[in-house]
Structures are given as structure tokens and as C-alpha cells.
Amino acid sequence: MSDSVQPSLGLGFLAATAHPHEIAIHDGVLDGGGPESVVRQAREWRAGAVGFQLNSFDVRATTAYVAKIRAELPGVVTLAGGPHPTALPAETFRLFGGRLDYLIRGEGEDGFRGLLDVLAAGAPTPEA
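Residues numbered from 1 in each chain as written. Predicted model: local features only at pLDDT ≥ 70, side-chain atom pairs only at ≥ 80, totals over all residues. Heavy atoms only, no water.

## Here's the deal with the pairing of strand 1 (residues 49–53)
Now for step 1: Here strand 1 shows a buried face lined by Val 50 and Phe 52 and an unburied face lined by Ala 49, Gly 51 and Gln 53.
Now for step 2: Looking at chain direction, strand 1 and strand 2 (residues 77–81) are connected through five bridges and run parallel. Bridge pairing links Gln 53 to Gly 81 in strand 2.
Now for step 3: Remark: the strand 1/helix 4 (residues 59–72)/strand 2 crossover connection has right-handed handedness. (Buried < 20%, exposed > 50% of the residue type's maximum accessible area, 1.4 Å probe, protein only. Helix = DSSP H or I, 4+ residues; strand = E, 2+ residues; numbered from the N terminus. Pairing = 2+ DSSP bridges. Right-handed = clockwise from strand over helix to strand, strands pointing away.)

## Focus: the sheet that holds strand 3 (residues 102–104)
Now for step 1: Strand order in the open sheet formed by three strands is 1-2-3, and the pairing between neighbours is parallel. The sheet terminates laterally at strand 1 and strand 3, the two strands that pair on one side only. Ignoring which end each strand starts from, the neighbouring axes of this sheet average 25 degrees apart.
Now for step 2: Where strand 2 lies against strand 3, three bridges are found, and the strand directions are parallel. Bridge assignment links Leu 79 to a residue of strand 3, and that residue is Tyr 102.
Now for step 3: Across the sheet, helix 4 is in contact with strand 1 and strand 2; its angle to strand 1 comes to roughly 175 degrees.
Now for step 4: Contacts from helix 7 (residues 108–120) reach strand 2 and strand 3 within the one sheet, and its direction differs from that of strand 3 by about 150 degrees. (Axes fitted to C-alpha atoms, helices over the stretch in contact; angles between N-to-C directions. Contact = heavy atoms within 4.5 Å.)

Just distances and angles here, no functional claims.
Structure representation (C-alpha cells):
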């Protein structure tokens, strides 16, 4: 057992491979501020997209975060990747009730960068 909090290496890998796109990582677990904190941070950063790393044990809790983002920042693209959407993509979309715009399956580095390229080129956003 340890009292240290370790950053997600997977999210660090995504950020490192996303160049030339600007990426910021907000650790909601470390922050502990809930959905309001994520929305506040996304506003401050003027985020065009907000993504979540989903493990099966936290999918239902994450639906509250995505719902809050969709309600308060309707033009922000929402996306998720990780083990749960990789294994169960249709179920993941269903659980989020239409509030999730994109899923990235498998190793996310290539798919994430490609999605950012598409979004930067003008892919439709939720308000379009």
C-alpha cells in the first residue's frame, strides 16, 4: 500500500504523441472536485474537447461528468478511450445516452492523434 498518487502514464503518452495539438491533462481523481471541477477547468482552458480514460469500474460515475460537460459546455466534443470502450464500444455509447461523441479503441496514441487532426480540420461538433 502506498500513499502516493501516480499520474496516468497512458494519458501522458497521448499528450506526448498529440503534437502539434495542444493538450492539457486534468487529474479529476487527484483534484477530487467532481464534475463541477472538470467543467471549470475546461472553461478556463477553453477546451474544444474533453476526454476520459475509462476503466470498467468507473464508467457509470463518469457519465455524470460527461452529462455536466454536455449541459454546461454544449459545443465541447466529448470522447473516451481505455479498456472499457475498447472491449464494449456499443455498451459504452449506450451508457452515456448520446452524450459521448467519440470512442477510441485499442492503443490510443494513433487514434487520438488522428481524431484531433479530423477535429482541427473541421469535423462536426455537437452544436453543429
